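Here is what each chain is made of, one letter per residue.
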There are 2 protein chains.
Amino acid sequence: MPDYVVGVDLGGTKLVAGQVAPDGKVTREHYAPTDVAAGPGGVLAQVAAAIRRVSEPQPPAAIGLGVPGLVDVNTGACLFSPNLFWRDVPVAQIVSESLSLPVFIDNDVNVATLGEHRLGAGRGYRNLIMVTIGTGIGAGLVVEGRLYRGPGGSAGELGHVPVDPAGQVCNCGNRGCLETTCSGPAMARRAAQLVTPSSMLWRRHQPLDARAVFEAARCGDQLALELVRETAAWLGMGLAGVVNLLNPELIIVGGGVAAAGGLLLEPLRENIKRRALPHPAAMVEVAVAALGARAGVAGAGLLAWDGVQGAP
Amino acid sequence: MPDYVVGVDLGGTKLVAGQVAPDGKVTREHYAPTDVAAGPGGVLAQVAAAIRRVSEPQPPAAIGLGVPGLVDVNTGACLFSPNLFWRDVPVAQIVSESLSLPVFIDNDVNVATLGEHRLGAGRGYRNLIMVTIGTGIGAGLVVEGRLYRGPGGSAGELGHVPVDPAGQVCNCGNRGCLETTCSGPAMARRAAQLVTPSSMLWRRHQPLDARAVFEAARCGDQLALELVRETAAWLGMGLAGVVNLLNPELIIVGGGVAAAGGLLLEPLRENIKRRALPHPAAMVEVAVAALGARAGVAGAGLLAWDGVQGAP
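Residues numbered from 1 in each chain as written. Chains lettered and ligands numbered in written order. Predicted model: local features only at pLDDT ≥ 70, side-chain atom pairs only at ≥ 80, totals over all residues. Heavy atoms only, no water.

> Explain the overall build of chain A here, please?
Of regular secondary structure, chain A possesses 10 helices and 13 strands. A principal-axis box enclosing the C-alpha atoms of chain A has dimensions of 60 × 45 × 35 Å. Taking all 312 residues of chain A together, 58% fall into the buried category. Here the contacts in chain A between residues at least 6 apart in sequence split such that 62% fall between residues at least 24 apart. (Helix = DSSP H or I, 4+ residues; strand = E, 2+ residues; numbered from the N terminus. Buried < 20%, exposed > 50% of the residue type's maximum accessible area, 1.4 Å probe, protein only. Contact = heavy atoms within 4.5 Å.)

This is the structure we're talking about:
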């Protein structure tokens, strides 16, 4: 058997393919912008081309692929992807026929969770939740040492846990989902609402987004610091509920907003500890994702290794 | 080996012991009021006496015991019970030494969930949540066919998932926990706030509790019907979050408030389906607990059978 697989992290703006060794080590990465307008056939041709680019000297043992959307891991189909505008696309079948290789797919957050659990911040933990905070909020769950996908494959939709009955209407149609209170766009919206000339956010020429807020907070800007505190409070409220419900040992925070590091993590940890019940609060740890953007390719590779080795 | 175990359901007001056959069938039940004031030693002597009462002709193979509080299933200790006013009581050890029999204990909601999963509304399902709604709100989780207790044994604290940042302060110290919005006492509080002479709840001589509200609702009382709708809306909001997070196949509703049956279940089901994401909403079923009060004794018996048979 070849000594590597190819892991692919397929996103709405770019795709990454890389060789992944059995120990999860990633080499020979190749990036390409995702041409969403090309539709499923076009995007999956891009994916196959990227895989071929990194498939040398001999072909890989298998392909693992993380897809941003709802995935049926048994049939290898993507049932729905809001970012790619896909519905019922037989992803594994198309890529497998194109390359004559076994292909295993899963949701992108699950794949990143697999990477962080086996190789990153979650090594050695049997019950953890990985939260990704960016444009949306998602989560991957590891229960008793194994990825928990739910019987329909849609577990982990933390962003659509309702936390504020008086809150904003969410993209999902519901009101006050966690995603409406502390995602990247939610921070940007609050910043635009509250900004005044006394804040350095007022004078920026760049977009008033979550990154700008964290930069200003790092410089001590009072409004930005308040926005970060507010974000940590909402996220802490949502995660305190998860801690009470699931009693995890570890929460891993990843995604774009998590790049803020300690600035967000310290108040978040404090909020979770204060709001959850004493027993589960005392045992849960909160850590930043360790693999960064590489979690996707590494996790997709591990998914492929699990697949060829017949792991459950 | 004897052909029966004894299951015990220990509550804050009464305790029940019964013989439980390997198939979960319960016979020879014995009830006694719980003398909480007697402290752990006194209550556990009562438990041992009740077990002896139903242990004939020969002694049982083992004892299973459901305790209202946080339990360490490995050591058999009750770490904390707000209803019994216990802290760090080595329950299994005390009862085992008193009767010279193996004793297995777990949290009361977990024990009832085990009963409903194997013998009641949850038979044949691999991923379910059992919700008990009464004075408090608790939950038991079955994940991939097995009871999920969490690494610290405290999973399932659904009552302390925050749903309303503008809500009442909860017994746990947090604000707006699910328990403050739709438990029995929450219904009673709302009834007292809203009652007017035009409602039949105004003229009652009995306490204005959840039972009174459901009785009045059954008679078509408009205020009572509105209170039931409000309860179903809050509970539906909390459970929609659980459905999005865990993608369960089934939600079983039990406990005192669930005795309202279809009156609560219909609007609850409608709220969950409407507020959860389409995919997990379409696959989740909502059912009333099938074993009623017997779930506790039956489940405790199954716990004991699992224990003597070395099940994981």
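> Explanation requested: the pattern of salt bridges in the structure shown.
Oppositely charged side chains may form a pair once their charged atoms are brought near each other. Residues and elements named next belong to chain A. Counting across every chain of the model gives 18 salt bridges over all chains. A salt bridge links arginine 149 to aspartate 106; its shortest N-O distance comes to 2.6 Å. Residue arginine 149 is located in the loop between strand E11 (146–148) and helix H4 (178–182), and its partner aspartate 106 is located in strand E8 (residues 103–107); the two are separated by 43 residues in the primary sequence. (Salt bridge = Lys/Arg side-chain N within 4 Å of Asp/Glu carboxyl O.)

> For this particular structure, what's the right way to read the sheet that holds strand E6 (residues 77–81) of chain A?
By definition, the strands of a sheet pair up through backbone hydrogen bonds, in either a parallel or an antiparallel sense. All names here are of chain A. Across the sheet, which stays open at both edges, the three strands sit in the order E5-E6-E7 with antiparallel pairing between neighbours. Since the sheet does not close on itself, it has two edges, and those belong to strand E5 (70–72) and strand E7 (86–89), each with one partner. Looking at each pair of strands side by side, their axes are set apart by 15° on average, direction ignored. Of the strand pairs in this sheet, E6 and E7 are connected by three bridges, and their pairing is antiparallel. (Pairing = 2+ DSSP bridges. Axes fitted to C-alpha atoms, helices over the stretch in contact; angles between N-to-C directions.)

> How should I be thinking about the interface of chain B and chain A in this particular structure?
By convention, interface size is frequently given as the accessible area that disappears when the constituent parts associate. Of the residues lining the interface, 41 residues belong to chain B; the matching set on chain A comes to 41 residues. The largest share of the area that chain B buries against chain A comes from Tyr148, Pro151 and Leu245 of chain B, three residues that together contribute 19% of it. Linking chain B with chain A are zero salt bridges, by the criterion used here. Those elements giving two or more residues to the side of chain B that touches chain A turn out to be strand E10 (137–143), helix H7 (222–246) and helix H9 (278–283) of chain B. It is H7 of chain B that provides the largest number of residues to the side of chain B that touches chain A, a total of seven residues. Looking at the side of chain B that touches chain A residue by residue, the classes come out as 22 nonpolar, 12 polar and seven charged. (Buried area = accessible area lost by both parts, 1.4 Å probe. Nonpolar A, V, L, I, M, F, W, Y, C, P; charged D, E, K, R; others polar.)

> Can you walk me through the sheet that holds strand E4 (residues 63–67) of chain A in this structure?
Residue and element names in this part refer to chain A. Pairing in this open sheet of five strands is mixed, and the strands run E3-E2-E1-E4-E8 from one edge to the other. The two strands at the open ends of the sheet, each matched to only one other strand, are strand E3 (26–33) and E8. When strand polarity is set aside, the average angle formed by the axes of neighbouring strands in this sheet is 15°. Relative to E3, strand E2 (residues 14–20) runs antiparallel, the two sharing six bridges. Residue pairing across strands places lysine 14 opposite proline 33, the latter belonging to E3. The strands touched by helix H2 (residues 91–99) are E4 and E8; relative to E8, the strand with the most contacts, the crossing angle is about 150°. Along the sheet, helix H3 (residues 108–119) contacts E4 and E8; its crossing angle with E8, the most-contacted strand, is approximately 100°.

> Sorry if this is basic, but what is going on with the relation of the copies chain B and chain A here?
Look at the two chain copies: a rotation about an axis and a shift along it is all it takes to match them. Once chain B has been moved 0.0 Å along the axis and rotated by 180°, it coincides with chain A to within an RMSD of 0.0 Å. The symmetry that links the two subunits is that of a two-fold axis. Among all residues of chain B, the one whose C-alpha sits closest to the rotation axis is valine 163 of chain B, at a distance of 2.4 Å. An overlap of 100% is found between the interface residues of chain B and their copies at the interface of chain A, pointing to a shared contact surface. (Least-squares fit on C-alpha atoms with pLDDT ≥ 70 in both.)

> Honestly, the pairing of strand E12 (residues 250–254) of chain B in this entry has me stumped. Any pointers?
Residue and element names in this part refer to chain B. Among the five residues of E12, five are classified as buried, and the element is accordingly described as predominantly covered. Sheet topology places strand E9 (residues 128–133) next to E12; five bridges connect them, and they run parallel. Within the sheet, the bridge partner assigned to threonine 132 lies in E12 and is glycine 254. As defined by bridge partners, E12 adjoins strand E13 (residues 285–288) across four bridges and the pair is classed as parallel. Counterpart to isoleucine 252 in the pairing with E13 is alanine 287.

> What exactly am I supposed to notice about the environment of glutamate 270 of chain A here?
One can find glutamate 270 of chain A in helix H8 (residues 262–275). As a C-alpha pair, glutamate 270 of chain A and glycine 236 of chain A span 34 residues in sequence and 8.0 Å in three-dimensional space.

> Help me out: how do you make sense of helix H5 (residues 184–194) of chain B in this one?
Residues lying three or four places apart along an α-helix face the same way, a consequence of the helix completing one turn every 3.6 residues. Of all the positions in H5 of chain B, only Gly184, Ala186, Met187, Ala188 and Ala191 of chain B are classed as buried. The inward-facing, buried residues of H5 of chain B contact helix H4 (178–182), helix H6 (210–218) and H7 of chain B.

> I would appreciate a short explanation of the environment of glycine 42 of chain A in the present structure.
Residues and elements named next belong to chain A. By secondary structure assignment, the location of glycine 42 is in helix H1 (residues 39–53). The exposure class assigned to glycine 42 is partly exposed, which follows from its relative accessible area of 24%. As for glycine 42 and arginine 52, which are separated by 10 residues in sequence, their C-alpha atoms are 15 Å apart.

> Would you mind showing me how to read the pairing of strand E8 (residues 103–107) of chain B here?
One face of the sheet, then the other: side chains in a regular strand alternate in exactly this way. Residue and element names in this part refer to chain B. Extensive coverage of E8 is indicated by the burial of four of its five residues. Note: strand E4 (residues 63–67) against E8, five bridges, orientation parallel. Among the inter-strand pairings, glycine 66 is bridged to a residue of E8, identified as aspartate 106.

> What am I meant to see in the confidence of the model for chain A here?
Residue and element names in this part refer to chain A. For chain A, the mean per-residue pLDDT works out to 94, and 100% of the residues sit at or above 70. By mean pLDDT, helix H6 (residues 210–218) is the weakest element of chain A at 92, and H2 is the strongest at 98. Here the complex is predicted with pTM 0.94, and the ipTM for its interfaces comes to 0.94. (pLDDT = per-residue confidence, 0-100.)

> Any chance you could explain empty space enclosed by the protein here in plain terms?
The gaps of empty space that remain are located by a probe, the size of a water molecule, rolled over the atoms. Going through the model one piece at a time under the given rule, you end up with four cavities of 30 Å³ or more. Put simply, the parts of the chain that give the lining of the largest cavity at least two residues each are helix H7 (222–246) of chain A together with H7 of chain B. The dominant element in the lining of the largest cavity, judged by the number of residues it contributes, is H7 of chain A, at five residues. The computed volume of the second largest cavity comes to approximately 90 Å³. (1 Å grid on protein atoms, 1.4 Å probe; cavity = no way out; pocket = protein on both sides within 12 Å on 5 of 7 lines; lining within 4 Å. Points joined across faces, edges and corners; volume = space filled by probe spheres on them.)

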